[in-house]
Amino acid sequence: MSDFESCNGNCQGCSSTDCGDGTATITLTLDNDETVECSILTVFEAAGRDYIALLPLDENGENQDGEVYLYRFKEENGMPVLDNIEDDEEYEAASDGFDEWLDELEYDELVPAEDED
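I will try to describe carefully the structure that is included in this document. (Residues numbered from 1 in each chain as written. Predicted model: local features only at pLDDT ≥ 70, side-chain atom pairs only at ≥ 80, totals over all residues. Heavy atoms only, no water.)

## Details of the overall build of the chain
Keep this limit in mind: Secondary structure elements follow DSSP: runs of H or I of four or more residues count as helices, runs of E of two or more count as strands, with numbering from the N terminus. Between buried and exposed lies partly exposed: a residue is buried under 20% and exposed over 50% of the maximum accessible area for its type, with that area taken using a 1.4 Å probe on protein chains only. Contacts are assigned to residue pairs that have any heavy atoms within 4.5 Å of one another. Each accessible area value is a Shrake-Rupley result obtained with a 1.4 Å probe; residue values ignore everything except the protein chains displayed when judging cover.
Secondary structure summary: the chain contains 1 helix and 5 strands in total. When the helices and strands of the chain are read in sequence order from the N terminus, they spell out β-β-β-β-β-α. Per-residue burial for the chain yields a buried fraction of 32% across its 117 residues. Sequence separation of 24 or more characterises 34% of the internal contacts of the chain that already satisfy a separation of 6 or more. Counting only carbon and sulfur atoms, one obtains 40% of the accessible surface of the chain, whose full area is about 7900 Å².

See the structure below:
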């Protein structure tokens, strides 16, 4: 679960602009041993925990349905570790945190950056 490309694995301290633009990816191995390549959208905090949002990609590197995977995120020995979200209450908190991130992203796109003089 930690096969990163274009990423140093330290999402929390990452200063790269690549993490949310589809260039950083991770390969997930699902419970049925199927592997899914995912684009890393963001790592965010919600309800005092860290989560990661992943966009599953098809064989052409695209996402056709807009589905997003949310996982609990932490680092151990400098390596990212993803855990399943186990209950509805935690999933709701993570989902709300992801929605807030999307709202901030949309707001940033709508508000033009001020010119620095």
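That shown, we press on.
## Some words on the pairing of strand β2 (residues 35-46)
In plain terms, the rule: Here the rule is simple: two strands pair whenever DSSP picks up at least two bridges between them.
Counting buried positions over the 12 residues of β2 gives 9, a clear majority of the element. Relative to β2, strand β1 (residues 25-29) runs antiparallel, the two sharing 5 bridges. Bridge pairing in β2 links Thr27 to Glu37. Taking the residues between adjacent antiparallel strands as the criterion, β1 and β2 are bridged by 5 residues, where Asp33 takes a positive phi near 70 degrees. Pairing of β2 with strand β3 (residues 49-56) involves 8 bridges; the strand directions are antiparallel.

## What to know about the nonpolar core
Soluble, globular proteins show a tendency: their nonpolar side chains are buried together. To be explicit about the condition: The set of buried Ala, Val, Leu, Ile, Met, Phe, Trp, Tyr and Cys residues whose side-chain atoms join them within 4.5 Å is what this entry labels a nonpolar core.
By size, the foremost hydrophobic cluster in this structure holds 13 residues, and its most contacted members are Leu28, Ile52, Leu54 and Leu82. If one sorts the elements of this core by residue count, β2 sits on top with 4 residues. Residues Leu41, Phe44, Tyr51 and Ala53 belong to the second largest nonpolar core, which totals 9 residues.

## What about the side chain of Thr42?
The condition is simple: Whenever a nitrogen or oxygen atom comes within 3.5 Å of another N or O atom, the pair is scored as a polar contact, on the condition that within protein one atom can donate a hydrogen and the other can accept it, and that pairs from neighbouring residues in sequence are kept only if both atoms are in side chains.
As for its position among the elements, Thr42 is in strand β2. Judged by relative accessible area, which is 12%, Thr42 ranks as buried. Only 3.4 Å separates the side chain of Thr42 from the side chain of Trp101, close enough to count as a polar contact.

## Side note on the sheet that holds strand β5 (residues 79-83)
Worth spelling out the cut-off: Angles run from 0 to 180 degrees between N-to-C directions of axes, and those axes are lines fitted to C-alpha atoms, restricted for helices to the stretch in contact.
The sheet built from 5 strands is open, its strands ordered β1-β2-β3-β4-β5 with antiparallel pairing. In the strand order of this sheet, the two ends are held by β1 and β5, each with one partner. Averaged over all pairs of adjacent strands, the angle between their axes in this sheet comes to 50 degrees, without regard to strand direction. Pairing of strand β4 (residues 69-76) with β5 involves 5 bridges; the strand directions are antiparallel. When the bridges of β5 are listed, Lys74 appears paired with Val81.

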